[in-house]
Amino acid sequence: VADSLQIHLRGLDKEGVDTFRYANGDKYVGQFIAGQKQGKGTMHYAGGCKYDGEWVAGVKVGFGRFVNVDGAVYEGEMKNDDNDGFGTFWMADGDVYEGQWKADEKEGRGTYRFADGGVYEGEWTEGERTVAGGRPAALRAAQTTLTLRK
């Protein structure tokens, strides 16, 4: 919403495919409707991250791919600017999580493959793997946190 407001206030009620450069150094290349990111587009963040995917009313929604500066990559469903739905996260250290997400947290069924060959397949709640009864279980805690910088 703030992005579309900035575009509107600058008199740039863009329509179609165009490029918009933000004061903070971010750059969006893609489709606009009534000055809002809408449809397919790519956001290049000033810090070096990049998101390529679908937008609705200026918000990441649908399928997208987010690449972090450290090489970590999320590819999958987005909702309200968050990883939400089915997606795969390749971590910079070689670990991979593939499964369900909700509001940027592992949530539901998923598989975590460690770079050293270990695998956990099962349920996740609020980013933590669960055991019978829904209790959190230890799992290399430092490696289970999603740390994509937006």
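These numbers were taken from a predicted model, which means no experiment stands behind them.

A. Layout of the overall build of the protein. Along its length, the protein carries 1 helix and 11 strands. Ordered by position in the sequence, the α and β elements of the protein form the string α-β-β-β-β-β-β-β-β-β-β-β. When the 150 residues of the protein are sorted by exposure, 39% land in the buried category. Here the protein displays about 7900 Å² of accessible surface, and carbon together with sulfur accounts for 51% of that area.

B. Inspection of the environment of V73 at higher detail. When you line up the elements, V73 lands in strand β6 (residues 73-79). Relative accessible area serves as the criterion here: at 9%, V73 is assigned to the buried category.

C. Region of interest: the nonpolar core. Membership of the largest hydrophobic core comes to 21 residues, with the highest contact counts inside it found for Y45 and Y112. Elements supplying a minimum of two residues to this core: β2 (27-33), β4 (50-56), β6, β8 (96-102) and β10 (119-125).

D. Local environment of the packing of aromatic side chains. Counted according to the given criterion, the structure contains 12 aromatic pairs. The interplanar angle of 80° and the centroid separation of 4.7 Å between the aromatic rings of F20 and Y22 together place this pair among those described as edge-to-face. For the ring pair Y74 and W101, a centre distance of 5.4 Å and an interplane angle of 85° mean the geometry is edge-to-face. One end of the pair, Y74, is in strand β6; the other, W101, is in strand β8, with 27 residues separating them in the sequence. For the pair shown, Y74 and W101 are each scored as buried. Clustering of aromatic rings is evident, with ring pairs tying together Y74, F89, Y97, W101, Y112, F114, Y120 and W124.

E. The arrangement of the pairing of β6 in detail. Note that strand β5 (residues 59-67) and β6 share 6 bridges and pair antiparallel. Its bridge partner lying in β6, G64 is registered against G76. What sits between the antiparallel neighbours β5 and β6 is a turn of 5 residues, in which G71 has the positive phi angle 100°. Both β6 and strand β7 (residues 82-90) contribute to a ladder of 6 bridges, which runs antiparallel. What sits directly across from Y74, in β7, is F89.

The rules behind these values
The numbers attached to residues start from 1 for each chain and follow its sequence in the written order. Residues qualify for local features only when their pLDDT is at least 70, as the model is predicted, and side-chain atom pairs are given and counted only at 80 or more; totals for whole chains, interfaces and linings, by contrast, use all residues. Processing note: side-chain calculations cover all non-hydrogen atoms of the structure and skip hydrogens and water entirely. For helices the rule is a DSSP run of H or I covering at least 4 residues; for strands it is a run of E covering at least 2, with both sets numbered from the N terminus onward. Each residue gets one of three labels from its accessible area relative to the maximum for its type: buried under 20%, exposed over 50%, partly exposed in between, using a 1.4 Å probe on protein chains only. Accessible surface is estimated by sampling points in the Shrake-Rupley manner with a 1.4 Å probe; for residues, cover comes only from the protein chains shown. Throughout this description, the term nonpolar core refers to a set of buried Ala, Val, Leu, Ile, Met, Phe, Trp, Tyr and Cys residues connected via side-chain atoms within 4.5 Å. A pair of aromatic rings is counted whenever rings of Phe, Tyr or Trp (Trp by its six-membered ring) have centres within 6.5 Å, and the orientation is called stacked for planes under 30 degrees apart, edge-to-face for over 60 and tilted otherwise. Note on pairing: two strands pair once DSSP finds at least 2 bridges between them.

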